[in-house]
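Here's the letter readout for the chains.
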Amino acid sequence: MKQTKVMIVDDHPTVTEDVRSILETYDELNIVACLTNGEDALKHLEASLPDVVLLDLNMPGMGGLTATELILKRAPSTRVLILSMHDSPEYIATALNHGASGYILKDVPTDEIKIAIDAASKDEQYLCTGSQAALGKQGASPQSALTGRE
Amino acid sequence: MIYGDEGFYFVYDYDGNNIVSPRQTYLINQNWSVQVDPNGLPITDELIRIARSGAGYHSYMWPKPSTGEPAEMVTYVTGMQNWRWALGTGVFIDDVLLTVANTRTQVETCIARTFVQIAIITFLALFLVFISGYFITVRERRLADARQKALTARIVNTQEEERGRVAHELHDSISQILVGVSYTLDLARRRIGKGDDRAGETLDKGIDGLSGAIQEVRRISRDLRPGMLNDLGLGPSVKTLIDEFFQRTGTQTQFETVVFRNRLDNHRKIALYCVPQEAFTNIERHANANLVTVTLKGTRGGALMEIIDDGQGFTMGGPRSISGLGLRNMQERIEQLGGSLTITSGRHGTKISALVPLSHILSPQSSVNTKK
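Residue numbering note: each chain is counted from 1, following its sequence as written. Key to labels: chains lettered from A, ligands numbered from 1, both in the order written. For this predicted model, a pLDDT threshold of at least 70 governs which residues receive local features, and a threshold of 80 or more governs which side-chain atom pairs are given and counted, while totals over whole chains, interfaces and linings are taken from all residues.

## Examining the overall build of chain B
Thought 1: Strands here mean DSSP runs of E at least two residues long; helices mean DSSP runs of H or I at least four residues long; both are numbered from the N terminus. From N to C terminus, chain B includes seven helices and twelve strands.
Thought 2: Considering only residue pairs separated by 6 or more positions, chain B has 55% of its internal contacts joining residues 24 or more positions apart. A pair of residues counts as a contact when their C-beta atoms, built from backbone coordinates, are separated by no more than 7 Å.

In structure tokens, the structure reads:
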């Protein structure tokens with residue numbers, strides 16, 4: 001079976017470590033790197049060639065939005081999923097505008113991370129429970145927030 | 001023998017014959033001994049009587065030389081006894097009155113003019129005073145307005161900064177820890193489900209994470225508003241600050257305090273509490289001090305908080321200027337309470353003194369705490 005290669009980028013080491021441990025419970029996932037900022041993610045991008053990058057938004061140095069654009073530019077086949085605390089529609093819409101394939105709030109059950117990774121590796125968009133509701137409240141459909149990359 | 005417009009000298013002999021009358025020459029060489037004025041008052045006889053007895057004044061009606069109209073005249077007459085002459089001269093009262101009136105008019109005109117001048121000068125002076133007062137007031141008002149605006153802006157800025165800081169603390173510290181705990185528990189659930197024996201260990205990690213979160217909440221809450229200040233008062237709260245500072249930095253501290261029994265209201269307590277809080281932050285960051293002495297005592301002026309360190313000091317506004325905003329806020333806060341904050345800093349240390357007036361004065365109870 002082909003494993004999905006996943007890179008985790010978050011400036012909080014406890015979070016990356018825990019996410020790694022959780023995702024490692026799935027045999028079909030291969031965690032290729034755990035990094036703490038956008039610059040490092042770009043540096044390790046070509047070496048590890050992940051299928052999916054789990055990316056935090058707020059990080060010291062290069063933030064998640066810039067990192068998303070640069071990752072997609074350098075590795076067009078890679079899909080980016082945002083893993084964030086921010087549940088405001090602006091963040092979600094902006095992240096999707098920058099090319100993210102999905103948005104997962106950190107406070108939803110971790111099963112959704114796996115679902116999002118599966119969706120992204122099939123080139124589908126995934127918005128977790130809370131983020132869908134947030135976008136709906138604002139009246140913006142996720143599709144309208146997508147970029148020309150679609 | 002004549003003078004002025006109407007004046008003249010006259011001479012009668014004691015028999016009443018006129019000898020000299022330069023203005024009314026028709027009188028000369030005639031006898032006027034029974035002459036009376038229009039009111040029946042004897043003239044010549046009376047003049048002669050006065051002259052015989054030496055000299056004196058006589059007042060009567062006499063035709064004015066210029067007009068011929070009778071007018072009251074005051075005459076001075078003197079007797080020349082060897083010659084039996086009465087020599088005299090007189091002035092018309094109306095002339096005198098006229099002269100006096102003229103003089104009075106002149107004086108009055110002068111006075112009026114002087115009065116007007118004084119009035120004008122006074123008015124100008126008052127106007128100048130008013131105008132300058134007005135401009136000074138306007139300027140002062142503008143300055144005060146500007147200061148008020150600056151203060152408001154700073155308060156708003158500080159508030160914004162503070163909110164930003166709290167938001168950041170909540171988002172960055174608390175929620176990340178909680179996310180960590182949530183993930184850890186999630187992992188524990190998975191491990192329990194799979195019968196993985198690392199599940200217990202994972203649960204322990206989650207519990208550690210939760211107690212970390214509790215500590216963070218406690219820290220943030222204390223930074224925001226020390227509840228201890230309400231519960232235990234200023235002294236113990238400052239003591240705690242000092243203990244924490246010692247634990248954090250290892251810098252030696254000395255603390256001396258008195259008990260202010262209900263003599264400091266909450267605003268004053270908080271204002272005083274913020275002084276060492278701010279000072280410790282600055283000392284920790286910049287001063288490189290070996291010993292910090294904190295004194296809290298009652299003085300005639302109120303409660304005095306002094307923080308003295310033996311660090312390298314700083315210059316206000318200089319390149320090593322310590323958190324100037326914090327100090328200024330602290331200063332304004334204390335001045336609003338009617339107190340004062342003075343900072344002296346040199347190469348061998350810094351001394352910050354904050355004085356806040358008490359509500360009422362009691363004799364302070366002293367207690368000394370020293371930490372070495």
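## Let's talk about the overall build of chain A
Thought 1: Across its full length, chain A carries six helices and six strands.
Thought 2: If you list the helices and strands of chain A from N to C, you get β-α-β-α-β-α-β-α-β-α-β-α.
Thought 3: Whether a residue is buried, exposed or partly exposed is read from the other C-beta atoms within 10 Å of its own C-beta, which are placed from the backbone; 20 or more gives buried, 12 or fewer gives exposed, and intermediate counts give partly exposed. Across the 150 residues of chain A, 45% fall into the buried class.
Thought 4: Across chain A, every contact between residues at least 6 apart in sequence was considered, and the portion connecting residues at least 24 apart equals 62%.

## Things to note about helix α2 (residues 93–194) of chain B
Thought 1: Expected span of a helix: the number of residues minus one, times 1.5 Å. Taking 1.5 Å of rise per residue, 102 residues should cover 152 Å, and α2 of chain B covers 144 Å from first to last C-alpha, within 8% of that figure.
Thought 2: Bend, at a single residue, is the angle you get between axes fitted to the 7 residues ending at that residue and the 7 residues starting at it. Within α2 of chain B, the axis deviates most sharply at Ser175 of chain B, by approximately 30°.
Thought 3: Within α2 of chain B, the full set of buried residues consists of Gln176, Ile177, Val179, Gly180, Val181, Ser182, Tyr183, Thr184, Asp186, Leu187, Ala188 and Arg191 of chain B.
Thought 4: Of the surrounding elements, those touching the buried residues of α2 of chain B are α1 (13–23) of chain A together with α3 (199–224) of chain B.
Thought 5: At the C-terminal side of α2 of chain B, Gly195 of chain B shows a positive phi close to 70°.

## Thoughts on the pairing of strand β11 (residues 349–356) of chain B
All names here are of chain B.
Thought 1: A pair of strands is considered paired only if DSSP assigns at least 2 bridges between the two. In this sheet, β11 lies alongside strand β9 (residues 302–309) in antiparallel orientation, the contact comprising seven bridges. Following the sheet pairing, Glu306 is matched in β11 by Ser353.
Thought 2: The pairing of strand β10 (residues 340–346) with β11 spans seven bridges and is classified as antiparallel. Each residue of the ladder has a partner; that of Leu341, found in β11, is Ala354.
Thought 3: Connecting the antiparallel pair β10 and β11 is a turn made up of two residues.

## Some points on the packing of helix α2 (residues 38–48) of chain A against helix α3 (residues 64–74) of chain A
All names here are of chain A.
Thought 1: As a packed pair, α2 and α3 sit with axes 9 Å apart at the nearest point and diverge in direction by 10°. Accordingly, the angle class assigned to the pair α2 and α3 is roughly parallel. Within the contact between the two elements, α2 uses Gly38, Ala41, Leu42 and Leu45 and α3 uses Gly64, Thr66, Ala67, Leu70, Ile71 and Arg74.
Thought 2: Here the term charged refers only to Asp, Glu, Lys and Arg, the term nonpolar to Ala, Val, Leu, Ile, Met, Phe, Trp, Tyr, Cys and Pro, and the term polar to all other amino acids, Gly among them. Of the residues that constitute the contact of α2 with α3, the class distribution is six nonpolar, three polar and one charged. The angle between two axes is taken between their N-to-C directions and runs from 0 to 180 degrees, where each axis is a line fitted to C-alpha atoms and a helix contributes only its stretch in contact. The scheme is simple: roughly parallel for angles under 35 degrees, roughly antiparallel for over 145, roughly perpendicular for 65 to 115, oblique for anything else.

## Points about the interface of chain B and chain A
Accessible area lost on assembly of the parts is the figure often given for the size of an interface.
Thought 1: Of the residues lining the interface, eleven residues belong to chain B; the matching set on chain A comes to twelve residues.
Thought 2: Its residues assigned to classes, the side of chain B that touches chain A comprises three nonpolar, six polar and two charged.

## A look at the confidence of the model for chain B
Residues and elements named next belong to chain B.
Thought 1: Scored by pLDDT, chain B has a mean of 84; 91% of the residues are at 70 or more.
Thought 2: For every residue, the predictor states its confidence as a pLDDT score lying anywhere from 0 to 100. Helix α1 (residues 44–52) holds the highest mean pLDDT among the elements of chain B, 93, whereas strand β12 (residues 365–371) holds the lowest, 44.
Thought 3: Residue range residues 318–323 is modelled with pLDDT below 50. Its contacts to residues more than four positions away, or to other chains, number eleven contacts.
Thought 4: Counting contacts from residues 361–372, a segment whose pLDDT is below 50, to residues more than four positions away or on other chains yields 18 contacts.
Thought 5: Reported for the predicted complex are a pTM of 0.50 and an ipTM of 0.74.

## Section: the nonpolar core
Across soluble globular proteins, you tend to see nonpolar side chains buried next to one another.
Thought 1: For this entry, the nonpolar core is defined as buried Ala, Val, Leu, Ile, Met, Phe, Trp, Tyr and Cys residues connected by C-beta atoms within 7 Å. One finds Val53, Leu54 and Leu81 of chain A to be the most contacted residues of the largest nonpolar core, which totals 49 residues.
Thought 2: Counting residues per element, this core draws most heavily on helix α4 (residues 89–97) of chain A, which supplies five residues.
Thought 3: Core analysis: the next-biggest nonpolar cluster, separate from the first, contains 28 residues, Val238, Leu264, Ile307 and Val356 of chain B among them.

## Here's the deal with the pairing of strand β5 (residues 102–105) of chain A
All names here are of chain A.
Thought 1: Here β5 shows no split at all, with Gly102 and Ile104 on one side and Tyr103 and Leu105 on the other all buried.
Thought 2: The pairing of strand β4 (residues 79–84) with β5 spans four bridges and is parallel. Residue pairing across strands places Leu83 opposite Ile104, the latter belonging to β5.
Thought 3: Seen with its strands pointing away from the viewer, a crossover is right-handed if its path from the first strand over the helix to the second goes clockwise. After leaving β4, the chain enters α4 and then returns to the sheet as β5, a path that is right-handed.
Thought 4: Bridge count between β5 and strand β6 (residues 126–127): two bridges; the pairing is parallel. When the sheet's bridge partners are listed, Gly102 is paired in β6 with Tyr126.
Thought 5: A crossover links β5 with its parallel partner β6, the connecting element being helix α5 (residues 111–121), and its sense is left-handed.

## Structural notes on the sheet that holds strand β3 (residues 52–55) of chain A
Residues and elements named next belong to chain A.
Thought 1: Within the open sheet, the six strands sit side by side as β2-β1-β3-β4-β5-β6. Their pairing is parallel. Edge positions in the open sheet fall to β2 (29–35) and β6, since each of these has one partner strand only.
Thought 2: Bridge count between β3 and β4: four bridges; the pairing is parallel. Pairing of Leu55 across the sheet is with Ile82, part of β4.
Thought 3: Of the strands in this sheet, β1 (4–9), β2 and β3 touch α1, which is tilted by about 170° from β2.

## Things to note about the confidence of the model for chain A
Detailed reading of predicted coordinates is not advised where the pLDDT is low.
Thought 1: For chain A, the average pLDDT comes to 85, and 90% of its residues sit at 70 or higher.
Thought 2: Contacts of residues 139–150 of chain A to residues separated by more than four positions or lying in other chains number 15 contacts, the stretch itself having pLDDT below 50.

## A word on unusual backbone geometry
Thought 1: Of note in this structure, Leu49 of chain A is not a glycine but carries a positive phi near 40°.
Thought 2: Along the chain, Leu49 of chain A turns up in the loop between α2 and β3.

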